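Close look at the chain arrangement
One-letter residues, chain by chain:
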Amino acid sequence: VQLQASGGGLVQAGGSLRLSCAASGLTFSKYVMGWFRQAPGKEREFVAGITWTGGTTFYVDSVKGRFTISRDNAKNTVYLQMNSLKPEDTAVYYCAADGAGVSRKADDYDYWGQGTQVTVSS
């Protein structure tokens, strides 16, 4: 199983980025997909999740209204559109796949991507 995250970069506060995560080696549509982030010196934090067909999405409160998670099962890809970015969004962002169900806990996710750096300057 491989999850390949991309799309990170350096952006000014108020800007936007779109992260992508391409999955291979698993039946993508059978997995809840999530995005997590980890800032230096902090624990990994749940950001957003999406159910198997994209019918339900869920977010951490700090990104609601600014971030949108989506998926394309035909392309085995999950996305995270990030708008109105803030310096506190700076972190390494990871995508993950959960075969058991809906969860915000990192320990419940089975597979992880390598992470992509997002840096928001003030």
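Below: a short report on this structure. (Residues numbered from 1 in each chain as written. Predicted model: local features only at pLDDT ≥ 70, side-chain atom pairs only at ≥ 80, totals over all residues. Heavy atoms only, no water.)

**So, the state of the cysteines**
As a reminder of what qualifies: When two cysteine sulfur atoms are found within 2.5 Å, that pair is recorded as a disulfide. A run of H or I in DSSP counts as a helix once it spans at least four residues, and a run of E counts as a strand once it spans at least two, with each numbered from the N terminus. The cut-offs for exposure are 20% and 50% of the maximum accessible area for each residue type, with area from a 1.4 Å probe on protein chains only; residues under the lower value are buried, those over the upper are exposed, and the others partly exposed.
Summed over all chains, the structure comprises 1 disulfide. Across the disulfide, Cys21 is cross-linked to Cys95 (sulfur-sulfur distance 2.1 Å). Its S-S torsion of approximately 60° makes the covalent link between Cys21 and Cys95 right-handed. Here Cys21 is found in strand 3 (residues 17-24), whereas its partner Cys95 is found in strand 9 (residues 91-98), with 74 residues between them in sequence. Like Cys21, the residue Cys95 is buried in the burial classification.

**Here we look at the side chain of Arg66**
Short version of the rule: What qualifies as a polar contact is a pair of N or O atoms within 3.5 Å, subject to a donor-acceptor requirement within protein and to the restriction that residues adjacent in sequence count only when both atoms come from side chains. Between two residues, a contact is recorded if the distance between any of their heavy atoms is within 4.5 Å.
When you line up the elements, Arg66 lands in the loop between strand 6 (57-59) and strand 7 (67-72). At 2.9 Å, the side chain of Arg66 and the backbone oxygen of Ser84 are in polar contact. Among the polar contacts listed, one links the side chain of Arg66 to the side chain of Asp89, at a separation of 2.7 Å. If we ignore the near neighbours within four places in the chain, the residues touching Arg66 are Gln81, Met82, Asn83, Ser84, Leu85, Lys86 and Asp89.

**Considering the pattern of salt bridges**
Note the cut-off: Definition used for salt bridges: Asp or Glu carboxyl oxygen within 4 Å of a side-chain nitrogen of Lys or Arg.
Enumeration according to the criterion identifies 4 salt bridges in this entry. Close ionic contact of Lys64 with Asp61 constitutes a salt bridge, the shortest N to O distance being 3.0 Å. Judged by relative accessible area, which is 48%, Lys64 ranks as partly exposed. Given the relative accessible area of 60%, Asp61 is considered exposed.

**Description of the packing of aromatic side chains**
Rules: Working definition: a ring pair exists when centres of Phe, Tyr or Trp rings (six-membered ring for Trp) sit within 6.5 Å. Plane angles under 30 degrees give stacked, over 60 give edge-to-face, the rest tilted.
Counted under the stated rule, the structure contains 7 aromatic pairs. With 6.0 Å between their ring centres and 55° between their planes, Tyr31 and Tyr111 make a pair best called tilted. A residue pair is termed long-range when its members are at least 10 positions apart, and Tyr31 in the loop between strand 3 and strand 4 (32-38) and Tyr111 in strand 10 (residues 111-112) qualify at 80 residues. When its relative accessible area of 15% is taken as the criterion, Tyr31 is described as buried.

Worth remembering: the numbers are spatial, not functional.
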